[in-house]
Every structure is written in structure tokens, then in C-alpha cells.
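Notes for the structure review
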Amino acid sequence: MSNVILEVKDLKMHFPIKIKNKGFLSEKKYVKAVDGISFVIKEGETLGLVGESGCGKSTTGKMIVRLLKPTEGSILYKGKDIFKVTGEEAKQLCKEIQIIFQDPYSSLDPRFSVGSTISEPMIVHKIADRKTIKERTINLMNDVGLMSEYYDRYPHEFSGGQRQRVGVARALALNPSLVVCDEPVSALDVSIQAQILNLMQELQKKYNLTYLFISHNLSVVKHICDRIAVMYLGKIVEIADKNELFDNPKHPYTKALLSAIPIPDPEVVVEQEMLEGDVPSPVDPPSGCRFHTRCKDVMDICKKKEPKDLVLNDGHTVACHLYTKEG
Ligand code: SF4
């Protein structure tokens, strides 16, 4: 069995906000973007993190690359708490965990040429002399399908797909082990999405990478992931191997998400489980099970008691009262 490379334990990210009341006083509240999630990622695998916009998946990714400090909980990378390491260990950690951002337009500095963008992290971390860094940059450009002649060109000269190839090369510049891919293809045309996904799979094999793949698109996640965690309003509601999740979903939210995937065959009729209503506010999430305001299977207990994670079989975990004794 593969080793665990990343362990997330009871992670919370609550952002403080001020809400104005009728009088002069304003009230301090918290946006509970991530509210107690736990999962592991095994070395060499791709774990998908899926859910609707605002469910906390990108916030989770940002905490893993230390762009945000959690309110509570811990993230262990190869057994070490990433928020407790200092000095050389912290620098090494920066190299080993990298991120590919969603938007290839805003994530690249328009003043930096492609060569400078990719080589910048290597220069900052002083990993080699300038000549070696240039050679490595050109090798990375070849790896991601960019011609070396593009070295001195600027982001505005490229298409969205080419820019995302630059973003991928930049993420790989420091030879990372774990890459957080935050909706890396959702800003691209459908025809380009498959190219970038295939590229990411090739690079994963070549460089023995582990991916946390964040997406709202279940078809994309099905293509690239080994296991999938489903998030709803700051909580993980179900985790399973990809095939198990698609063939045997348990949580009503997962079932609704899966039934909304379009099937490109007019002969196949799928009974859609429409999700009603909007996602509630993460400032005042519903009591008990957070999904109870939209769940077609809701029971009395769901409004009062939060369901605990229940392991159904090896690697398949669900948080829903339908599968507990109380339900
Ligand atoms: Fe629905 Fe209740 Fe399960 Fe929540 S716990 S998903 S409300 S059945």
C-alpha cells in the first residue's frame, strides 16, 4: 500500500466578518469556509475534491500550500505539521508542495516573459547557476509542449491553453512531490481541457507526482482522479475510490451531483435528482446535517444532530443519518 504523503486533520478556516445591525453596533461573525475536514492523500495518487462553488474546496487547497493559515486543525506533510516547520525545512516544504491556479490569465505576471516566469522560482530558491536554470526551463517548456522559441515571449501572446501550460511548467520548476491543482482546466475551452488533463497525467507518471485535484466538474474528476472527496458547505460528506463513488454513491448530495452529469447518448434516460434551493450561507449554516435544507431524504434527526463519518467498506466513508442506527 502506498504511503500517506498528506494528512489533513479536523481542518477549519473561519474568516471574521462584521455584520451591521440596525443601530450603531456591528456584530462580529465568521464565514465558516472550511469547518472540520479530515482526509489523507497517498503518494502517487490523485485525490479529487469536488463540490459546488463556495463549498470550501479552494480554501482547503490554499491552506495546503500555506497561502492561508487555518483557524484550527493540522496538515501533516510526510508526517510533519506544515505550520510548525521553520528555517531550511520550511524552504524545502515550499519546493515540495506547489499549486496550479485556475485562471491562466490572471495567474501569470504580464511583465514576465515565459522563460522568466518558469525560471523565477528556481532563481529565488538558488537551486543552480543561471545557465543550468535556463537549460532546465527549456526542458520544462518541452515537457509541457511549449517550443523553446517561446522563451522570450510574453503571456499576452499566448492562448489560454498555452498559458496554462506555462502555469504547469512553473509549478514543476522546483521539482515538487505534491501539486494542488485548483480548477486547472475550468477556464479553458472544452477541446483544450482534455489536452491539459492528458498532459497532467503524463507529467504525473514522468515526475512521480501526487495531485490534489480541485474541481466542480465531476466529468473532469472522473477522467483524472483515483479517489474522490465530496464537499458541501465546508464539510466532506463522502469519500470513496472513483469507481465506487460513481457506481455506488451513498450520500444524497453525491447522488444529486452525479445525476446532473449530462450523458451524450439520447437513448439513455437518467432520472435526475434536482437539487432544490441555493447553498445556505456559511455564516449561519443549517443545524444538524448542513444538507438537510435541500435533501429529499431528510428526517427529523437530520435537523438536530450532525451525522458522523461512517466507514461503509474499505475506503468508502459517508456522513449521513441514512446509514447510522439513529437514521
Ligand atoms: Fe439527508 Fe439527513 Fe443524510 Fe443529511 S443526514 S444527507 S439530511 S438524509
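Look a little higher up for the structure.
Report on the accompanying structure. Residue positions are given per chain, counted from 1 along the sequence in the order it is written. Only residues with pLDDT of at least 70 get local features here, since the model is predicted, and only at 80 or more are side-chain atom pairs given and counted; chain-wide, interface and lining totals rely on the full set of residues. As a rule here, side-chain values come from all non-hydrogen atoms in the structure, and water together with hydrogens is ignored.

**Things to note about the environment of Leu-174**
We count it as follows: Strands are runs of DSSP state E lasting at least 2 residues, helices are runs of H or I lasting at least 4, and numbering of each runs from the N terminus. Buried residues are those whose accessible area, probed at 1.4 Å on protein chains only, stays under 20% of the maximum for their type, while exposed residues exceed 50% and partly exposed ones sit between those limits. Two residues qualify as a contact provided that any one of their heavy atoms is within 4.5 Å of a heavy atom in the partner residue.
Tracing the chain through its elements places Leu-174 in the loop between helix H5 (160-172) and strand E7 (178-182). For Leu-174, a relative accessible area of 9% corresponds to the buried category. The spacing of Leu-174 and Lys-95 is 79 residues in sequence and 5.3 Å in space, taken between C-alpha atoms. Setting aside chain neighbours within four positions, we find Leu-174 in contact with Lys-95, Gln-98, Pro-121, Met-122, His-125, Ile-127 and Arg-136.

**Points about the site of the ligand**
In plain terms, the rule: In these notes, residues near a molecule or strand are those with any non-hydrogen atom within 4 Å of it. The way it works is a 1 Å grid over only the protein atoms, where trapped points that fit a 1.4 Å probe form a cavity and open points with protein on both sides within 12 Å along at least five of seven lines form a pocket, and then any residue with an atom within 4 Å of a point lines it. In this scheme, a molecule is assigned to a cavity or pocket if more than half of its atoms are within 2 Å of the grid points. Classes in brief: Ala, Val, Leu, Ile, Met, Phe, Trp, Tyr, Cys and Pro nonpolar; Asp, Glu, Lys and Arg charged; the others, Gly included, polar.
The full set of residues close to the ligand is His-251, Pro-252, Cys-289, Phe-291, His-292, Cys-295, Asp-297, Cys-302, Cys-320, His-321 and Leu-322. Assessed atom by atom at 2 Å from the grid points, the ligand resides in the largest cavity. The residue makeup of the shell around the ligand, split by class, is seven nonpolar, three polar and one charged.

**Observations concerning the sheet that holds strand E12 (residues 316-318)**
Strand pairing in a sheet takes place through backbone hydrogen bonds and is either antiparallel or parallel in direction. Where we set the bar: In this analysis, strands are considered paired if DSSP registers two or more bridges between them. Simply put, an axis is a line fit to the C-alpha atoms, just over the touching stretch for a helix, and the angle between two N-to-C directions goes from 0 to 180 degrees.
Judged by pairing direction, the sheet is mixed, and its eight strands sit side by side in the order E6-E7-E8-E3-E9-E10-E12-E11 without closing on themselves. A single partner strand is all that each edge strand has here, and the edge strands are strand E6 (97-100) and strand E11 (310-313). Here the strands of the sheet are splayed against their neighbours by 20° on average, with no regard to which way each runs. By the bridge criterion, two bridges tie strand E10 (residues 235-241) to E12 in an arrangement that is antiparallel. Considered in E12, the bridge of Ile-239 is made with Thr-317. Helix H1 (residues 57-64) rests against strand E3 (46-50), E6, E7, strand E8 (210-215) and strand E9 (227-232) of the sheet, and its axis sits at about 150° to E8.

**Points about helix H6 (residues 190-207)**
Counted only if it meets this: Expected span of a helix, by definition, is 1.5 Å for each gap between consecutive residues, and there is one gap fewer than residues. The reported arc concerns the directions from the helix axis to the C-beta atoms and nothing else.
In this model, H6 (18 residues) spans 26 Å end to end at C-alpha, consistent with the 26 Å of a helix rising 1.5 Å per residue. Those residues of H6 not exposed but buried are Gln-193, Ile-196, Leu-197, Leu-199, Met-200, Leu-203 and Gln-204. On an axial view of H6, the arc spanned by its buried residues comes to 160°, and they lie on one face. Turned more than 90 degrees from where H6 packs its buried face, Ser-191, Glu-202, Lys-205 and Lys-206 sit exposed. Two residues or fewer past H6, Asn-208 is found with a positive phi of approximately 55°.

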